[in-house]
Structure formats: C-alpha cells, structure tokens
Amino acid sequence: MLRRVFGYDEFRGEQREIVEHVIGGGDALVLMPTGGGKSLCYQIPALVRDGVGVVISPLIALMQDQVDALRALGVRAGFLNSTQDVDEQRLVQAEFVAGRLDVLYLAPERLRNEATLRLLDRGRVSLFAIDEAHCVAQWGHDFRPDYLMLSQLHERWPDVPRIALTATATEATRQEIATRLDLTAARHFVASFDRPNIQYRIAGKVEPRKQLLELLRGEHKGDAGIVYCLSRASVEKTAGFLTEQGVEALPYHAGLDPRTRAAHQSRFLREDGLVMVATIAFGMGIDKPDVRFVAHLDLPKSVEGYYQETGRAGRDGLPSTAWLAYGLQDVVQQRKMINGSEGDAAHRRRLVAHLDAMLALCETVECRRARLLAYFGQSASESCGNCDTCLAPPETWDGTVAAQKILSTVVRLKRERNQKFGAGQIIDILLGRKTAKVIQFDHDRLSVFGIGTELKEAEWRGVLRQLLAQGLIGVEGEYGTLVLTEGSDEVLRGRRQVPLRRDPVRAKPARAARAD
Ligand code: ADP
Ligand code: ZN
C-alpha cells in the first residue's frame, strides 16, 4: 500500500509499527513532530481494514485539500463539515453507508449531532483517527470543547480501533489525552521531538520590524516563511511594512473575510518565496515543505505553541530558522492579559504556568533545544550546536544589586495610592531623569533617584525583564502595575542572589549609530 498508493519506498521512523498495530485492531496514541508523517499512520490502515476510516479533524479549512490530495492518489475520500450544502452532505452520507469510501473526514462538532452518530451506525467504520488530539486537553494550549465528545466513540463502538495523533504534548498533556479519550491502555508511540534542521534563536527586541527585515534580507532572501504577530493590527502593519520594503508578504488573520484568507493561504502554498504574516489562526495542518523560516514578533503564550509554530519550518529537512524577538513589553503585556482574562482561578494558573515556561526558555543561558526537548520530557545532548546559545554562549553576571535597586524603587512607589507606574517610570527614576512625570510626583526627591547610572536604559530594561520572567517582580491588574512578590522579599533582604543573562550587545539602530 505504501508503494502502490503513496509511491514511497520505505516507512519512516515508527510508521511501520504503528500501521501494523492499528491494522491488527489495536488502539494507539501517536506523538510525532510536525512533518513526521502522521497521516500515513491512519491512511494505510484505513485502506487495509474493512470499512471506512473516520478521521476527526478540527481543520475544516483543509479538509477539501486533504480529500483532493487523497483522490489524486486514487483513494476514495470524502468529508462532512459545515461548509457543505445539504445535497453535498447527502451524497457523502450515501457513499459512506454504501461503503464506497476509504476515508471520511469529520469535523468534531458533527458528533454533537445524534444524526451523525446514527449515520456512523449505518455504515461500517474501520477505525477512528483523532487528529490534533491535544485539542482534548484542557491543560494544553489549544483546547476545543467539542473534542470532549470524542470519548463517546469508544463507548458506542468499543470494537473499532482508535488512533489519536498529535505533534505537541508535554507529559501532562499526554496523560490528559490518554485519560479523556480512554487511551491509557493503548500503545503509545512517542517519536523524538527534535527537529535538528531548525536553528532556534531568540533575540532581544529593539526595533522588531527592522530586525525582521535584516533577517529576511541577510539570511532568507527570496525564501518562503511565516511571521507570527499577536494582533490583527500588527499583522496588517507588518505585512504593509514588508511589502513597502520590497518583500512579497500577505496578511492572514481571523478578521479577514474567508475568501481573502483562503486566497492568501493557497497562494502561500502554491507560489515560491512568499512571506505569510499571520496570527496563530494560520498554520495548523499546513503542509508546505519548504518554509525556510518562522519568525515571531511577539512572545508565544506557551512552549507548546512555540514548538508547534516553529515546527512549520523545514519539513523538508533542510536548514531553517526559528527566530523570535522578545523584550520587556512582551512580558508585561502577557502578564496583563492573564490578569484580565476570563475563566476561573485554575484557568489563570494554567496560563501563568504556560507563560513561565516560555519565559524560562527565552531567558535560559543553556541550549535552547535541550530546554525545549526537556519541556516535552525528552533528553538531549547538552549542547546542540545549532541554536543561538550554543553558537554564542551568553555571559551571566551577578544582578543582585541591580535587582535590589529596582525593587527598592517599586517599594517606594507603592506608597502612592491609586497611581500606576510602569517600567518606564522606574527606569527614569533610577537614571535620575527629571521628566515631567517624575517631577509631578516628586520622584526626584526619592532616595533611589539617580542611584542607577551605572547601567544604560536598555540594560535596566533587560534586568527588569528578567526579574519579571523569574517572578521576582510581579504585574498586578489589567494596567500592569509592578508589584513585589515573595521572591522580591528574599532579594531585598539579601537572602537570594540574582544571576542574570547579559543581553548580547546588538548593533544599535542606524540613527543612533550615526549620532555616536
Ligand atoms: P504530519 O502530519 O506528521 O505533520 P504528514 O503526514 O503531513 O506529516 O507528512 C509530512 C510529509 O512527509 C508529507 O509530504 C508526506 O507525504 C511525507 N511522508 C510521510 N511518510 C513518508 C514516507 N514513509 N516516505 C516519504 N515521505 C513521507
Ligand atoms: Zn543548542
């Protein structure tokens, strides 16, 4: 089947074991990185076993493409989702019942519908494949309530084998998938999550769009790539900026009308050297082998998200870059967003834990790859030689005194009731700057005024960012007031040292360099 239908000579990694296991009727939970070849793991069993393989996938926008691709190989494939009219749906349903399909793609929300369940009863299901299985985990980063209904599959059709697949799962997420989908007794296939051809780099954010342009012009001229931004507005701005600079770039976000979105997506897939500037609405399930770089202009909310997004680079195994620009404002903004988020305390705790892990990855002085793999419970060699910290090991320095100076300033500002002071004010005070706002609040009379001239503004921002990242300073409320934490107390009392990463000195922006 592998040769005849798909035209490949050999199975990759654990594909053979997985395929044989499912053909034999076994349940499986498959963790395999993006580009690892998960699809074959259920497509071949669906072709070999009697009946129709039912694939649950949240990627409605891609179902048509997936089905077209299978049909081109001579596989009888169909899908059922909300984009179809009644006649189209009837046709597919009839084919399913008559057993004239090998594979049927189904959107998860379909299972809310008793009619769909009855339909599945009327045909013969050879297996259930649950794609993007991490969507069932609340602990994960991409929870979809409809996925919870997938537990019915096993209850209603206990004899039909199930295979759940995902490209991202920590140990905790994996346990949750197994529990929720009743796959604890299933065989777990866990491939290495390492993507050796991806070079991981996390840079200090100075002038992000310019830095991005440098990356594109310097290392990725004419390459296809994805640039992720947090907001729709910054997607538009960045795409506009790149276009002005002569880089062919297209925007993609949920605020664009579906037709434009589809058009941009298909251009990105079919043309060479296009840059897609997108929110994270873009990318899941996109199979473009030659994406040479993935750039993040804003901090991802979790390591899982980061891993999944960067994983879209270099599916073809050729050298690719994962580049992230990260700065003080990212930390403040994300902490504020969590404070203002809806949901219960447990939900907020999850968000905080996700963010903290992401921050730890950003601030590490160790190999990024090793950190990343450790997060997914996998070990790696100590130094990969293909990430920024391995290529140019960052220095560390004792930031205890600097930290104490910042914290002492925060203590003094706290006494001003109802006033919100952010990072900017604190740094102005430390540097002894008599700005309007400093004078207005008599901050030039504080004992800490001007005690921090040994560091430059950028360095203070770096210290503050790392204190935030380490939880030695907190962010309160939706306005982002800086506050002390339990950790700050220890630092102030001299009970805790604060080793900090020395941020690499970046070439200054052109304007400043000339002024020097
Ligand atoms: P995933 O879903 O894990 O991201 P896919 O199933 O889309 O990965 O496969 C990624 C790419 O690798 C596809 O282009 C696929 O055709 C190809 N591929 C999968 N298995 C093999 C194999 N055994 N030999 C060669 N190419 C393969
Ligand atoms: Zn490394």
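Here's a quick rundown of the structure. Everything numeric here is computed off the predicted structure, so don't read it as measured data.

How each quantity is defined
- Residues numbered from 1 in each chain as written.
- Chains lettered and ligands numbered in written order.
- Predicted model: local features only at pLDDT ≥ 70, side-chain atom pairs only at ≥ 80, totals over all residues.
- Helix = DSSP H or I, 4+ residues; strand = E, 2+ residues; numbered from the N terminus.
- Rg over C-alpha atoms; globule rule 2.2 N^0.38 Å.
- Buried ≥ 20, exposed ≤ 12 C-beta atoms within 10 Å, placed from the backbone.
- Contact = placed C-beta atoms within 7 Å.
- Near = placed C-beta within 6 Å.
- Nonpolar A, V, L, I, M, F, W, Y, C, P; charged D, E, K, R; others polar.
- Axes fitted to C-alpha atoms, helices over the stretch in contact; angles between N-to-C directions.
- Parallel < 35°, antiparallel > 145°, perpendicular 65-115°, else oblique.
- Left-handed = near helix turned anticlockwise from the far one by under 90°.
- Pairing = 2+ DSSP bridges.
- Core = buried A, V, L, I, M, F, W, Y, C linked by C-beta atoms within 7 Å.

Some remarks on the overall build of the chain
- From N to C terminus, the chain includes 21 helices and 17 strands.
- Computed over C-alpha atoms, the radius of gyration of the chain comes to 26 Å, within 12% of the 24 Å expected from 2.2 N^0.38 for 516 residues, which places it in the range of a compact globule.
- If you line up the chain on its principal axes, its C-alpha atoms span 85 × 45 × 45 Å.
- Taken across its 516 residues, the chain has 43% of its residues classed as buried.
- Taking the intrachain contacts of the chain between residues at least 6 apart in sequence as the baseline, contacts between residues at least 24 apart amount to 73%.

Comments concerning the site of ligand 1
- Surrounding ligand 1, one finds 14 residues, the nearest of these being Tyr 8, Arg 12, Gly 37, Lys 38 and Ser 39.
- Of the residues belonging to the shell around ligand 1, the class tally is 4 nonpolar, 6 polar and 4 charged.

Re the packing of helix α17 (residues 423-431) against helix α19 (residues 457-469)
- Following both chains from N to C, one finds α17 and α19 inclined at 125°, their axes separated by 10 Å at the closest point. Compared by their axis directions, α17 and α19 come out oblique. As for the relative orientation of α17 and α19, their crossing is right-handed in sense. Together, Ala 423, Ile 427, Leu 430 and Leu 431 of α17 and Glu 457, Trp 460, Arg 461 and Leu 464 of α19 make up the contact between the two elements.
- For the contact of α17 with α19, the per-class residue count stands at 6 nonpolar, no polar and 2 charged.

Some points on the sheet that holds strand β10 (residues 249-252)
- In space, the 6 strands of this open sheet follow the order β8-β13-β12-β9-β11-β10, with parallel pairing throughout. Strands with a single pairing partner mark the edges of an open sheet, and in this sheet they are β8 (198-204) and β10. Mean inter-strand twist for the sheet, computed between neighbouring axes without regard to direction, equals 15°.
- In terms of strand pairing, strand β12 (residues 291-296) meets strand β13 (residues 320-326) through 4 bridges, oriented parallel. Residue pairing in the sheet places His 296 in a bridge with Leu 324 of β13.
- Helix α10 (residues 258-270) rests against β10 and β11 (275-278) of the sheet, and its axis sits at about 135° to β10.

So, the nonpolar core
- Counting residues in each nonpolar core, the largest one holds 84 residues, and the members touching the most others are Val 227, Met 276, Val 277, Ala 403, Ile 406 and Ile 426.
- With near-sequence residues (within four places) excluded, Ile 406 lies in contact with Ile 426, Val 463, Leu 464 and Leu 467.
- Within the second largest apolar cluster, 53 residues are counted, among which are Leu 29, Leu 120, Ala 129 and Val 160.

Functional significance is not addressed by these values, which are geometric in nature.
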